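# Secondary and tertiary structure notes
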Amino acid sequence: MDLHVVSAAARDVDANWLIVGVPENSPWSDELVALDNALQGQLSRLREAGDLTGKLAETLSVPDTPTLKSRRLLLIGLGSLADLSVARWDKATMTAARQVSAKPDTRVAVCVPDQFGSLSADRAVEGLATALVVGSQGQDLYKAEPSRFPFTAAQIVLPPSREVGAASLASERGRILGDAINLTRELVNRPPHEIYPETFAARALQEAIPCGLMCHVFDEHRLEAERFGSLLAVAKGSDRPARMVVLEHRGGGPHAPTLALVGKGVTFDSGGLSIKPTDGMLTMKCDMAGAATVLGAMTAIARLKLPVNVVGYCGLVENMLGGKAYKLGDILTARNGVTIEVHNTDAEGRLVINDVLSYAVDHGADRLIDLATLTGACVVALGEDVAGAFTNNQPWCDQLLAAAKTAGEDLWQLPMFDAYNELLKSDVADCKNIGGRWGGAITAAKFLEKFVGGKPWVHLDIAGPAFASSNKGCREGGATGCLVRTLVEVAVRGQS
Ligand code: BES
Ligand code: MN
Ligand code: ZN
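Worth saying up front: this structure is predicted, and the values here are computed from it rather than measured.

Contact geometry of helix 6 (residues 197-211) with helix 10 (residues 289-303) gives a least axis separation of 9 Å together with a crossing angle of 10 degrees. The orientation of helix 6 relative to helix 10 falls into the category roughly parallel. Together, Phe200, Ala204, Glu207 and Cys211 of helix 6 and Ala291, Ala292, Leu295, Thr299, Ala302 and Arg303 of helix 10 make up the contact between the two elements. Split by residue class, the contact of helix 6 with helix 10 holds seven nonpolar, one polar and two charged.

Below, the structure is given as structure tokens:
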């Protein structure tokens, strides 16, 4: 996509779709009034007729605009300007980008209003560039006639008097974030016969090298030598061998602390011998979303050349039911020596990332974040659109929650009281891999806590928001790429 920031009057911009935001309940800006004049009062008439309300993400298309240089106009409601935030701006711009990307070869231009409520000018441009990249990419990778087409060209239009310099940098950042989100989405959306541990690792290498990331792949022999006992147990039921991908970005120099990002990469979760019913298994290609989010975020962190040290880890296995599959009652010895009695082979994610977390801790991680589509219980607790956060260190979690807020993404913290540990006790081993019926998202987090060696750590359960069952006006169904932006924002803040 050819992306440019220009400073011009809306009527002089040449595109086949011109997108203009309209506020609710506040006077129109000079630019909007000028556009209305160029349209001979058509916008005022639409407003008077009640067709143009400015309600958030409400759209109105004007298919023929002979008095403008652009062929068509899409008006998009911004809601009250005083309430405009990163998240609301994202909703409006994503809705617009999705609507005008239904045909190939679209050249789009979007006017950025001069007033943003609480939204800074640079964030607005950055967010818009991301929305243009993400909103025009569909999940229909295998359709003869796709329903969405990446834009050929996009212009971000500032009012005539504004400087283009800072906005150009912001739009470049936004494009990098958009590409990262689309990489995460693509990997999650691809079917499990294409994406399995070896192919995920190969793709990670292929994406990482041009970004300037160091990338190492551990095969099953290396994982064995490094004592990844519980991760390898999960992999036993599959003909596809396990892998771990390590992605290193050393922008901070030898004395700066290292942030570790750990992702659950179960490329397909059948449940193993505790097999899932058909409905529950249908979307389990999404169970590597944590790993794909780590890969996406790492490519953005590297391309943005952030002056921080970040290492990404993807723990990759397929959870299947082959003749060598791990069984109920098996006792696994994790990398850090903790013994685990298996009570349910469908609680496999925690048996994968526990070993990866302990490896990261032993190899210099000062702070950790893991991302995992870990529990249905988290979706029951918080719904499909909100990720759960769990921590052993409140100040570190507060930093992450603040970054999510800046990035416009929803996270909600759940408690980690000591009493939950009782539920994980086993009669024969140090612990079992499930905590019973109640509080399942929390007992999963308490299980992981045993493997981080007391280092500041936040676990993010993305079982709900990582994968959407259907399309919405403001986002495509399938993989969402959620939390890529939040992870990058955490790394940006790591500078100070
Ligand atoms: N991958 C699933 C969790 C999941 C559920 C992700 C729905 C996305 C959408 C995980 O491995 C799993 O099966 N968890 C079990 C845990 C249980 C056996 C303790 C669950 O949530 O039922
Ligand atoms: Mn499972
Ligand atoms: Zn799983």
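Time to look at the coordination of the zinc ion (ligand 3). For the zinc ion (ligand 3), the protein coordination sphere consists of Lys264 (NZ), Asp269 (OD), Asp287 (OD) and Glu348 (OE), at 2.0 to 2.4 Å. For the zinc ion (ligand 3), the six donor atoms in the first shell make angles of 78 to 175 degrees at the metal, so the coordination geometry reads as octahedral.

Take the coordination of the manganese ion (ligand 2) next. Only Asp269 (OD), Asp346 (O), Asp346 (OD) and Glu348 (OE) from the protein reach the manganese ion (ligand 2) as donors, at distances of 2.0 to 2.2 Å. Bound by six donor atoms, the manganese ion (ligand 2) shows angles of 71 to 168 degrees at the metal and therefore irregular coordination geometry. Each donor residue of the manganese ion (ligand 2) lies on the same chain, and together they follow the pattern D-x76-D-x1-E. The metal-metal distance between the manganese ion (ligand 2) and the zinc ion (ligand 3) is 3.1 Å, with Asp269 coordinating both. One end of the pair, Asp269, is in strand 9 (residues 258-269); the other, Glu348, is in the loop between strand 12 (339-341) and helix 11 (349-362), and 79 residues separate them in sequence. Pair check on accessibility: Asp269 and Glu348 agree, each one buried.

So, on to the pattern of salt bridges. For the structure shown, the criterion picks out 26 salt bridges. Across the salt bridge formed by Arg203 and Glu207, the nearest N and O atoms sit 2.9 Å from each other. With Arg203 and Glu207 both in helix 6 and four residues apart, this pair spans about one turn of that helix. Classification of Glu207 by relative accessible area gives partly exposed; the value is 21%. Within this structure, Arg123, Glu126, Arg173, Glu489 and Arg493 form a network of salt bridges that share partners.

Read from one edge to the other, the open sheet built from eight strands follows the order 7-8-10-9-13-17-14-15, with strand pairing classed as mixed. Looking at which strands have only one partner, the edges of the open sheet turn out to be strand 7 (214-218) and strand 15 (411-413). Direction aside, neighbouring strands of the sheet carry axes that sit 20 degrees apart on average. Here four bridges tie strand 14 (residues 387-391) to strand 17 (residues 457-461), and the two strands are oriented antiparallel to one another. The residue bridging Thr391 from the neighbouring strand is Val458, located in strand 17. On top of the sheet, helix 14 (residues 440-449) reaches strand 13 (367-372), strand 14 and strand 17; it is set at about 145 degrees to strand 17, its chief contact. Taken strand by strand, helix 15 (residues 484-493) contacts strand 9, strand 10 (309-319) and strand 13, and its axis lies near 175 degrees from that of strand 13.

Rules of the game
- Per chain, residue numbering runs from 1 following the sequence as it is written.
- Following the order in which they are written, the chains are lettered starting with A and the ligands numbered starting with 1.
- Whole-chain, interface and lining totals are the exception, using all residues; otherwise, since this is a predicted model, local features are given only for residues with pLDDT of at least 70 and side-chain atom pairs are given and counted only at 80 or more.
- By convention in this description, side-chain values take in all heavy atoms of the structure and omit both hydrogens and water.
- Orientation is described by axes fitted as lines to C-alpha atoms, over the contacting stretch for helices, and by angles from 0 to 180 degrees between their N-to-C directions.
- The numbering of helices and of strands both runs from the N terminus, where a helix is a DSSP run of H or I of at least 4 residues and a strand a run of E of at least 2.
- Convention used here: angles under 35 degrees read as roughly parallel, angles over 145 as roughly antiparallel, angles from 65 to 115 as roughly perpendicular, and any remaining angle as oblique.
- By definition, residues are in contact when any of their heavy atoms lie within 4.5 Å.
- Three classes are used, and their members are as follows: Ala, Val, Leu, Ile, Met, Phe, Trp, Tyr, Cys and Pro are nonpolar, Asp, Glu, Lys and Arg are charged, and the others, Gly among them, are polar.
- Coordinating donors are taken as N, O and S atoms within 2.8 Å of the metal, stretched to 3.2 Å for Na, K and Ca; because water is absent from the atoms, sites can appear incomplete.
- The geometry test gives tetrahedral to four donors whose angles all lie between 85 and 135 degrees, gives square planar to four donors and octahedral to six donors whose opposite members are over 155 degrees apart with all other angles between 65 and 115, and gives irregular to the rest.
- Each residue is assigned to one of three classes by its accessible area relative to the maximum for its type, calculated with a 1.4 Å probe on protein chains only: buried under 20%, partly exposed between the two thresholds, exposed over 50%.
- For salt bridges, the criterion is a side-chain nitrogen of Lys or Arg within 4 Å of an Asp or Glu carboxyl oxygen.
- One requirement defines pairing of two strands: DSSP has to find at least two bridges between them.

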